[in-house]
Amino acid sequence: MPFKKMGAPPRRRFAARQHWRRIGPVAVIVALVALVVLFAWLTHEEGAAPAPGSAAAAAAAPGRQIFGRIDSGAASGRPAAAPGRRARLVENLQLADRTFCSYRNSTRYPHTSRPIAEQPDQVYPNAPVIDTQAMRQGSGASDPNVQIQASQSRVYMAAGETVSFSLRALDTGGQVLPLMVTRAVAQGITFKGSRAAAQVALSFADDGAGADAFAGDGAVAAVLAPAQTGLASFNGTIRAEVRYSVGGNAGSVLFDVIYSPELPARWTGQVREALEDGSLNFYLKAEVRQAGRYVVSGRVDDARGKPFALVSSNDVLDAGPNEVRLTMFGKLLRDQEAALPLTLRDVDGYLLKENADPDRALMPRLEGKVFTGKPHPLPAFSDAEWQGEERSRYLAEFGKDLARARSELAGFDPSAPLPPSECAKTENR
């Protein structure tokens, strides 16, 4: 009987061969990777450079390296990218500092007593609104050779107030051109005809009377007095459409005013001042017919006649006699070194209406000088910053961010000085 080598039965040997065929490639790859990693690590530790084209060189190529070089800074406990990390911490600190200082500086005065330079459009609220545009023709095109100067005395009108409109035409050299008004009407603007609105004719003239300053100067003017027309009870925007002719060519221009026929309150004309809590308060007496929230604004000039501050109030007033307080904040006077006495002028106010259109009922304005105070000495006013619940809350939060940024930078690099704060810069502006 022929001798047979002892071992696994043929069926098992076949299965084993099939098993190694399945896992053989995977095992080989795993083994090769392990050998490559081990070789790379050993050669790195020994300072040997991998041979070009070898598996170790491939493993050490950019994008395929498994273990990077250990940086001396990391070994000492410092982050590997120390310069970049510090730059980011410095940037975070500067941002937190800038936010804190900017907010603190911008809120050191209350919102009811601000430098008027912040709102240049509020310096002279009763100045005429003047606009110059190329002549707009009926076809919609414009003629750049003819410039139309249009002005109106105001935009908001309280009950009983009037508004004047004026027009003149100029050529490219600034010379006056003859202008003739062919049609001028004023009508209340309504939404899809939701309410009736009368139409009122306007009479433009160049006769030196009424709204026209000089006769025969080429400028024509007209006056609209809604209370004396069919628009007396209209509440909202009144649009005046003026059609004219220059050199035989027809053109048109539009004027819009917002009219309030209600009289929610009126000023009595009595004003007093009081030096209280380090600030100067102006008290204006008013007879309130309709209770509600009133927004009142006034302008303050210094002794040299320079526009200095915009003062305002936003308070709920009951029906009957009231005093509206406008505060000239003490620190603002001290910081700007105001020349006293101060003059309060151009006061306007309105009753605010919520969820209504129009959203306000105007009080008759007080144009020009309203009151001049006493020449108080500047040291009599407080130099303290304004404090309020909202300001304190925001400063506390911004202060936390600033303290955290300082702590992070100081902890990262205790030996380096912190960047200077911007607070001193903003306070001196």
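Criteria and cut-off values
Going along each chain's sequence as written, the residues are numbered from 1 onward. The model is predicted, so local features are restricted to residues of pLDDT at least 70 and side-chain atom pairs to those at 80 or more, both for listing and for counting; the totals for chains, interfaces and linings are taken over all residues. To get the side-chain values, all heavy atoms of the structure are used, and hydrogens and water are removed first. Only DSSP runs of H or I with at least four residues qualify as helices, and only runs of E with at least two residues qualify as strands; both kinds are numbered from the N terminus onward. Here a helix's expected span is defined as the number of its residues, less one, multiplied by 1.5 Å. Partly exposed residues are those whose accessible area sits between 20% and 50% of the maximum for their type, while under 20% is buried and over 50% is exposed, using a 1.4 Å probe and protein chains only. Note on terminology: disulfide denotes any pair of cysteine sulfur atoms within 2.5 Å. Note on definitions: the grid is 1 Å and covers protein atoms alone; a cavity is a set of points where a 1.4 Å probe fits but cannot get out; a pocket is an open set with protein on both sides within 12 Å along at least five of seven lines; lining residues have an atom within 4 Å of a point. Grid points are joined across faces, edges and corners, and a volume is the space filled by probe spheres set on the points. Any residue outside Ala, Val, Leu, Ile, Met, Phe, Trp, Tyr, Cys, Pro, Asp, Glu, Lys and Arg is labelled polar, Gly included; the first ten of those are nonpolar and the last four are charged. pLDDT measures the predictor's confidence residue by residue and takes values from 0 up to 100. Two residues form a contact once any of their heavy atoms are found within 4.5 Å.

Draft legend 1. Focus on helix 4 (residues 82–106). In this model helix 4 runs 36 Å from its N-terminal to its C-terminal C-alpha over 25 residues, within 8% of the 36 Å that 1.5 Å per residue would give. Buried within helix 4 we find A82, L89, V90, L93, A96, D97, F100, C101, Y103 and N105.

Draft legend 2. Inspection of the state of the cysteines at higher detail. Counted according to the given criterion, the structure contains 1 disulfide. In this model C101 forms its disulfide with C423; the gap between the sulfur atoms is 2.0 Å. The sign of the -90 degrees torsion about the S-S bond sets the C101-C423 disulfide as left-handed. With a gap of 322 residues between them, C101 in helix 4 and C423 in helix 7 (residues 423–427) connect regions that are remote in the sequence.

Draft legend 3. Local environment of empty space enclosed by the protein. The tally for this structure, following the rule as stated, stands at 1 cavity of 30 Å³ or more. Lining of the largest cavity is provided by N235, I258, Y259, S260, P358, R360 and L362. Within the residue set of the lining of the largest cavity, elements represented by two or more residues are strand 11 (249–259) and strand 18 (360–362). Looking at side-chain class alone, the lining of the largest cavity contains 4 nonpolar, 2 polar and 1 charged residues.

Draft legend 4. Examining the confidence of the model for the protein chain more closely. Mean pLDDT over the protein chain stands at 84; residues scoring 70 or higher make up 79%. In the predicted structure, residues 1–78 sits below a pLDDT of 50 and forms 22 contacts with residues beyond four places in sequence or in another chain.

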